[in-house]
Amino acid sequence: MEIVIALAIGVMTGSGVWLLLRPRTFQVVMGLSLLSYAVNLFIFSTGRLNIDREPVIKNGTLTTLFTHYTDPLPQALVLTAIVIGFAMTALFLVLLVSRGLTGTDHVDGGEGRGKE
């Protein structure tokens, strides 16, 4: 299972970096989104991949080994990052619409540079 998660994170990161280097604004926005999803998946996987484990320690539990619990901190961090990612994507989409009003969606502002 860990290999599948690692491969997914690697593919998403590689695709995100490749899209970030593209000249169009929409591709840059999609690259940033893929990178944020890859980081979210990485943070989520740092909390160990456990199924049917309790995230909160109950009162009266006096064990020194917490192997039957999962770490809730990465889950909280990922939820916060998802909300911030939605706001960032909305901001980038507004930027994309404003760039569309200028007639070009190239990151550097000109489509025909060097062809004149």
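Residues numbered from 1 in each chain as written. Predicted model: local features only at pLDDT ≥ 70, side-chain atom pairs only at ≥ 80, totals over all residues. Heavy atoms only, no water.

A.B. asks: Account for the UniProt feature "transmembrane region" (unreviewed entry) in the protein chain, with residues named and values stated.
C.D. replies: The feature "transmembrane region" (unreviewed entry), as given by UniProt, occupies residues 6-21, 28-45 and 76-97 in the numbering adopted here. Taken end to end, residues 76-97 is 100% helix and 0% strand, and its first and last C-alpha atoms sit 32 Å apart. (UniProt positions renumbered as here; feature names shortened; annotations may be inferred. Helix = DSSP H or I, 4+ residues; strand = E, 2+ residues; numbered from the N terminus.)

A.B. asks: Describe helix 1 (residues 2-20), and please don't skip the residues or the numbers.
C.D. replies: The end-to-end C-alpha distance of helix 1, which contains 19 residues, comes to 27 Å, matching closely the 27 Å that a straight helix rising 1.5 Å per residue would cover. Every buried residue of helix 1 is accounted for by Ile 5, Ile 9, Gly 16 and Leu 19. For helix 1, the angular spread of the buried residues around the axis is 105 degrees, confining them to a single face. In helix 1, those exposed residues whose orientation departs by more than 90 degrees from the buried face are Ile 3, Val 4, Leu 7, Val 11 and Trp 18. Residues of helix 1 that are buried in the fold lie against helix 2 (25-45). (Expected span 1.5 Å × (residues − 1). Buried < 20%, exposed > 50% of the residue type's maximum accessible area, 1.4 Å probe, protein only. Arc of directions from axis to C-beta. Contact = heavy atoms within 4.5 Å.)

A.B. asks: Explain the packing of helix 1 against helix 2 to me, using residue names and the numbers behind them.
C.D. replies: Packing of helix 1 against helix 2 leaves a shortest axis separation of 7 Å and a crossing angle of 155 degrees. It follows from the interaxial angle that helix 1 and helix 2 lie roughly antiparallel. Handedness of the crossing formed by helix 1 with helix 2: left-handed. Mapping the contact onto sequence places Ile 5, Ala 8, Ile 9, Met 12, Thr 13, Ser 15, Gly 16, Val 17, Leu 19 and Leu 20 in helix 1 and Gln 27, Val 28, Met 30, Gly 31, Leu 32, Leu 34, Leu 35, Tyr 37, Ala 38, Leu 41, Phe 42 and Ser 45 in helix 2. Tallied by class, residues from the contact of helix 1 with helix 2 come to 16 nonpolar, 6 polar and no charged. (Axes fitted to C-alpha atoms, helices over the stretch in contact; angles between N-to-C directions. Parallel < 35°, antiparallel > 145°, perpendicular 65-115°, else oblique. Left-handed = near helix turned anticlockwise from the far one by under 90°. Nonpolar A, V, L, I, M, F, W, Y, C, P; charged D, E, K, R; others polar.)

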